[in-house]
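What follows is the residue order along each chain.
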Amino acid sequence: MSSLEVHDLTVRYGRFTAVERVSLQVADGTVTGLVGGSGSGKSTLGKAVVGLAPVSGGRIQVDGVDAGSLRRRGVHPVQLVFQNPYASLDPRMTVGASVAEAVARTPGPQRRDEAARYLDLVGIDPAYAARTPDALSGGQRQRVALARALAARPGVLIADEITSALDVSVQGAVLNLLRRLQRELGFAMLFISHDLAVVRYLCDRIAVLDGGRLVESGPAAEVLRDPRHETTRTLLACIPALPAMPGSQEAAA
Ligand SMILES: Nc1ncnc2c1ncn2[C@@H]1O[C@H](COP(=O)(O)OP(=O)(O)OP(=O)(O)O)[C@@H](O)[C@H]1O
């Protein structure tokens, strides 16, 4: 498995600086939540890690090796799942073919079997392999997008608001699935969300962006118990009723 290190990353779109000198780490087998308000640069950072946003400065490394040079060698240790599953899935391809295409390090004839295994892993009936994404519900599509990302056997998974576009009734099931898969497969995960309630459920550490800058980071329990930055406090205020964290005064009371 792998670790992700982002050092001093700057991303500019023309004259606009979307991410400014951000450093963060996701250690092997752990989950870091990347939070912040709309336009704070979360998606841009995630895209930069997989080469989909221009890096103007800084370094991105996977297990100490430059992510760009890995990509140029055809090695893709980081997979990104988007908010909208249509961005990850070709609408004309059957979901079985979509997942099979992504299966790593497996000879052709066995790819279909591997794809079926990944579909099963995310709770999709193998009978669905012959369907195109439009025949699936939003939650099922996101499960398929997850299967496709995992089929590439990433050391690092970036999940960018993957439940935001889903019906509230299925968000929990997809998050449970993600948590279970992360624990079972052991990949490092950068979990991007504006929702601290969700981040709290999944993450070991939290990093907070505001206006493209990192304004706070630390172990999840600490950041939630004792938020230092106004942005973090504002995001916390959006959680209706946050039960006491272990070790907090409320928990002790
Ligand atoms: N391709 C682009 N060209 C120019 N500006 C961009 C581009 N992509 C993003 N931006 C700008 O960069 C800033 C950060 O956007 P980004 O999508 O990374 O934010 P975010 O924190 O993910 O927000 P949201 O939660 O709304 O998706 C925004 O001001 C956005 O308008």
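Residues numbered from 1 in each chain as written. Predicted model: local features only at pLDDT ≥ 70, side-chain atom pairs only at ≥ 80, totals over all residues.

### Examining the site of the ligand
Next up, step 1: Neighbouring residues of the ligand: Tyr13, Phe16, Ala18, Gly36, Ser38, Gly39, Ser40, Gly41, Lys42, Ser43, Thr44 and His194.
Next up, step 2: Broken down by secondary-structure element, the contributors of at least two residues to the shell around the ligand are strand 2 (16-26) and helix 1 (42-49).
Next up, step 3: In terms of residues, the shell around the ligand owes the most to one element, helix 1, which gives 3 residues.
Next up, step 4: Residues belonging to the shell around the ligand are distributed by class as follows: 3 nonpolar, 8 polar and 1 charged. (Near = placed C-beta within 6 Å. Helix = DSSP H or I, 4+ residues; strand = E, 2+ residues; numbered from the N terminus. Nonpolar A, V, L, I, M, F, W, Y, C, P; charged D, E, K, R; others polar.)

### Details of the sheet that holds strand 4 (residues 55-62)
Next up, step 1: Pairing within the open sheet is antiparallel, and its 4 strands lie in the order 2-1-4-5. Two strands bound the open sheet, and with one partner strand each, they are strand 2 and strand 5 (65-66).
Next up, step 2: Pairing analysis gives 7 bridges linking strand 1 (residues 4-13) to strand 2, with the strands arranged antiparallel. Each residue of the ladder has a partner; that of Val11, found in strand 2, is Val19.
Next up, step 3: Helix 1 rests against strand 1, strand 2 and strand 4 of the sheet, and its axis sits at about 115° to strand 1. (Pairing = 2+ DSSP bridges. Contact = placed C-beta atoms within 7 Å. Axes fitted to C-alpha atoms, helices over the stretch in contact; angles between N-to-C directions.)

### What to know about the domain arrangement of the chain
Next up, step 1: Here the domain parsing of the chain yields domain 1 (4-77 + 154-252) and domain 2 (89-151).
Next up, step 2: Centre-to-centre, using C-alpha coordinates, domain 1 lies 26 Å away from domain 2.
Next up, step 3: Listed by partner, the interface residues are 12 residues for domain 1 and 8 residues for domain 2.
Next up, step 4: Top contributing element to the side of domain 1 that touches domain 2 by residue count: helix 7 (residues 168-185), with 6 residues. (Domains from an automatic or database assignment.)

### Examining the nonpolar core
Next up, step 1: Counting 67 residues, the largest nonpolar core has Val99 and Ala147 as the members making the most contacts within it.
Next up, step 2: Of all the elements, helix 6 (residues 138-151) adds the most residues to this core, at 7 residues.
Next up, step 3: When we break this core down by domain, the ones giving at least three residues each are domain 1 (4-77 + 154-252) and domain 2 (89-151).
Next up, step 4: Sequence-distant contacts of Ala147, that is, excluding residues within four places in its chain, are made with Val99, Tyr118, Leu119, Leu121, Val122 and Ile124. (Core = buried A, V, L, I, M, F, W, Y, C linked by C-beta atoms within 7 Å. Buried ≥ 20, exposed ≤ 12 C-beta atoms within 10 Å, placed from the backbone.)

### So, the packing of helix 5 (residues 108-121) against helix 6
Next up, step 1: Two elements in contact, helix 5 and helix 6, have axes separated by 9 Å at closest approach and are oriented at 130°. On the basis of the axis angle, helix 5 is oblique to helix 6. Crossing geometry of helix 5 relative to helix 6 is assigned as right-handed. On helix 6, the residues that touch Glu114, Ala115, Tyr118, Leu119 and Leu121 of helix 5 are Ala147, Leu150 and Ala151.
Next up, step 2: Along the lines of polarity and charge, the residues of the contact of helix 5 with helix 6 split into 7 nonpolar, no polar and 1 charged. (Parallel < 35°, antiparallel > 145°, perpendicular 65-115°, else oblique. Left-handed = near helix turned anticlockwise from the far one by under 90°.)

### Quick look at the sheet that holds strand 6 (residues 78-81)
Next up, step 1: Spatially, 6 strands are ordered 6-7-8-3-9-10 in an open sheet, and the strand pairing comes out mixed. At either margin of the open sheet sits one strand with a lone partner, and together these are strand 6 and strand 10 (213-219). On average, each strand axis in the sheet is inclined to that of its neighbour by 15°, with strand direction left out of account.
Next up, step 2: When strand 3 (residues 31-35) meets strand 9 (residues 205-210), the two strands line up parallel, connected through 4 bridges. Considered in strand 9, the bridge of Thr32 is made with Arg205.
Next up, step 3: Across the sheet, helix 10 (residues 230-237) lies against strand 3, strand 9 and strand 10, angled at about 110° from strand 9, the strand it touches most.

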